[in-house]
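One-letter residues, chain by chain:
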Amino acid sequence: MLSINIFNGLVYGALLVVMSSGLALIYGLRRVVNFAHGSLYMLGAYLGYTVASHTNFWVAQVAVPLLMGLLGLALDRFAFRPLQDRDPLTVILVTFGLLLVLEDLVQTVWGKSNLSVPAPDLLSASVDLFGMSVPAYRIAVIFFGLVVAGALTLWLRYSKMGLFVRAASTEPTITSMQGVNVDRLSGLVVAVGTALAGLAGIIAAPFLSLSPSMSSDVIIDSFVVVVTGGLGSLSGAFAAALLLGQVQAVGAVYLPEFATVLPYVLMMAVLLWRPAGFAGNRV
Amino acid sequence: MSTLLKFERVNAFYGAAHILHDMSLEIAAGERVALIGRNGVGKTTCVNTLLGVASLRGGSIAIGGSGLKKPRPYVAAGLGVAVVPQGRGIVANLSVEENLILGTAAGRKGHWTVPRIYELFPILRERAHTPGTALSGGQQQMLAIGRALMSNPALVILDEPTEGLAPVIVDQLATIFNQVADLGTALLLIEQNLSLVERVAHRYYAMAKGAVIGQGPVNAAVMHELKEHVVA
């Protein structure tokens, strides 16, 4: 009983890794608290539904992040970049407006009823894991989370562009003076972050059902993860995502009546211990 | 000699505050020029206007003969003008070596590479993997200079590089500046320390109230005069 919960916590944690890394990247470079991130995730899931029903799941898993990345470029070019010198509250309101537009768009195009995306044939069976029978797709979700975390870490740690991203996250002007076009770099990072929201959507589609309210749970958890991990920090967000997955899963067994408040308790406890989050203020 | 950097009757503003008034200066390839003046006369604003941080609303700035229509922070480095900013601007979440690599962003190839910077400043090699801001003030200044050189610039602008440093470190930096200039790199040294100016620069501009009030060759007599009237 407990071990299956720990496993499910790991699955949800992996999904939060994909979601919150995009949120952390966008905050890290643009200092934008993107309330629309959950709606971008939802849009990714619905786009995935349409693409997968015409082709298959794997095509959707490649096509959706690409489409969402293009949307991210447009989002940066026409919203975040022109607003970068405004009051942060203005930008938050704009992302909140975008959330409303996207929710309405999804309801108009796909309707209000729940939809589902079947897991790909390769992963549709259940497999035996330490004596538990678990859907193979859920193991794949953990794998997807690991791949995303690994790829982002390698990119940021070992590539020159990753170095520029880390530099620009703390010292945008100094980085720019070295010859980095920080505006263009930020646009690219917003595109990557938006693509990750879309990827999280298509990953979630086969195991969480699609509905116009699917964004609200995961966006709140993602904000808890990003704040707990340290605003803008990726490694902090990875750790916090896995921890929150466990807190949710184990909490549901032992403290079912408190399950909904546990993420906030976790956030408060971590912030009292380290006010800047696990990793402080670094990408 | 070809002109590397030219300010022609530049008028620059921070918001509504008019800081530079018809500021003109010119630096040719390989020259060692000092820009001197009291705090608040607009020396750093010259740098900030070149980078587009202060807004250029009159006159023109040209790098290597081509005018900058709308100065942007990332443009100058690519055209061969590197800035060592006041306060050094070391990036805290990058290691010493990563701060140096950041200097290659302009994509200019040439003499300077990470190993050559380590030859110039051996202490940076020893501390290559510590965070850039864990260095002492003098070492951070060396790192900022090394990072600027990594862009293989034709001109390095040094904005108050010795501010707050011990005299022994200042002597060390003076030697380094001359070594760099001997390789053919032009220097624009923004300084209030006139003894350093005398050791490094061949020509000076003196500023007051956002404009040039005097210029000429650097020598002991002139520096003595300036010490009384321009800086003190």
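Please refer to the structure placed before this passage.
Every value quoted in this text rests on a predicted model; they were computed, and no experiment measured them.

Considerations on the overall build of chain A
Counting secondary structure elements, chain A contains 11 helices and 2 strands. Starting at the N terminus and ending at the C terminus, chain A contains elements arranged as α-α-α-α-β-β-α-α-α-α-α-α-α. Taking 283 residues into account, the globule formula puts the C-alpha radius of gyration at 19 Å, and chain A, at 18 Å, falls close to it. Structurally, chain A occupies a C-alpha span of about 55 × 45 × 35 Å along its principal axes. For chain A, the residues scored as buried account for 54% of the 283 residues in total. Once local pairs closer than 6 in sequence are excluded, the contacts in chain A between residues at least 24 apart make up 78%. Computed over 13 positive and 12 negative side-chain charges, the inter-centroid distance for chain A is 13 Å.

Describing unusual backbone geometry
With a phi angle near 55°, Arg31 of chain A is a residue other than glycine that sits in the positive phi range. One can find Arg31 of chain A in the loop between α1 (2-30) and α2 (37-54). In this structure, Asp22 of chain B takes a positive phi of about 50° despite not being glycine. With respect to the helices and strands, the residue Asp22 of chain B is situated in strand β2 (residues 17-28). Exposure remark for Asp22 of chain B: the relative accessible area of 37% places this residue in the partly exposed category.

A look at the pattern of salt bridges
Taken as a whole and assessed by the stated rule, the structure comprises 9 salt bridges over all chains. Between Glu98 of chain B and Arg166 of chain A there is a salt bridge, and its shortest N-O distance comes to 2.9 Å. Of this pair, Glu98 of chain B sits in helix α3 (residues 96-102) while Arg166 of chain A sits in helix α6 (residues 160-170), which puts the two residues in different chains. Arg166 of chain A matches Glu98 of chain B in its accessibility class, with the two residues each being buried. Here Arg9 of chain B ties to Asp22 of chain B by a salt bridge, and the two come within 3.5 Å at their closest N and O atoms. Remark: Asp22 of chain B occurs in strand β2 and Arg9 of chain B occurs in strand β1 (residues 3-14); sequence separation between them is 13 residues.

Points about the pairing of strand β4 (residues 55-63) of chain B
Residues and elements named next belong to chain B. Bridge count for β1 against β4 is 7 bridges, and the pairing is antiparallel. Bridge pairing links Leu5 to Ile63 in β4. Pairing of β4 with strand β5 (residues 66-67), which is carried by 2 bridges, proceeds in the antiparallel orientation. Bridge pairing in β5 links Ala62 to Gly67. Linkage of β4 to β5, two consecutive antiparallel strands, is achieved through a turn of 2 residues, within which Gly64 is found at a positive phi near 55°.

As for the packing of aromatic side chains
All names here are of chain A. Scanning the entire structure with this criterion turns up 9 aromatic pairs over all chains. Between the aromatic rings of Tyr137 and Phe207, the centroid separation amounts to 6.4 Å while the plane-to-plane angle is 50°, which identifies the pairing as tilted. Here the residue Tyr137 occupies a position in helix α5 (residues 136-158), and Phe207 occupies one in the loop between α8 (182-204) and α9 (214-229), the gap between them amounting to 70 residues. Side by side, Tyr137 and Phe207 carry an identical accessibility label, which is buried. Taking the centre distance of 6.3 Å and the plane angle of 70° together, the rings of Trp273 and Phe278 count as edge-to-face.

About the cut-offs
- Residues numbered from 1 in each chain as written.
- Chains lettered and ligands numbered in written order.
- Predicted model: local features only at pLDDT ≥ 70, side-chain atom pairs only at ≥ 80, totals over all residues.
- Heavy atoms only, no water.
- Helix = DSSP H or I, 4+ residues; strand = E, 2+ residues; numbered from the N terminus.
- Rg over C-alpha atoms; globule rule 2.2 N^0.38 Å.
- Buried < 20%, exposed > 50% of the residue type's maximum accessible area, 1.4 Å probe, protein only.
- Contact = heavy atoms within 4.5 Å.
- Lys, Arg positive; Asp, Glu negative; His and termini not counted.
- Charge placed at Lys NZ, Arg CZ, Asp CG, Glu CD.
- Salt bridge = Lys/Arg side-chain N within 4 Å of Asp/Glu carboxyl O.
- Pairing = 2+ DSSP bridges.
- Phe/Tyr/Trp six-rings, centres within 6.5 Å; stacked < 30°, edge-to-face > 60°.

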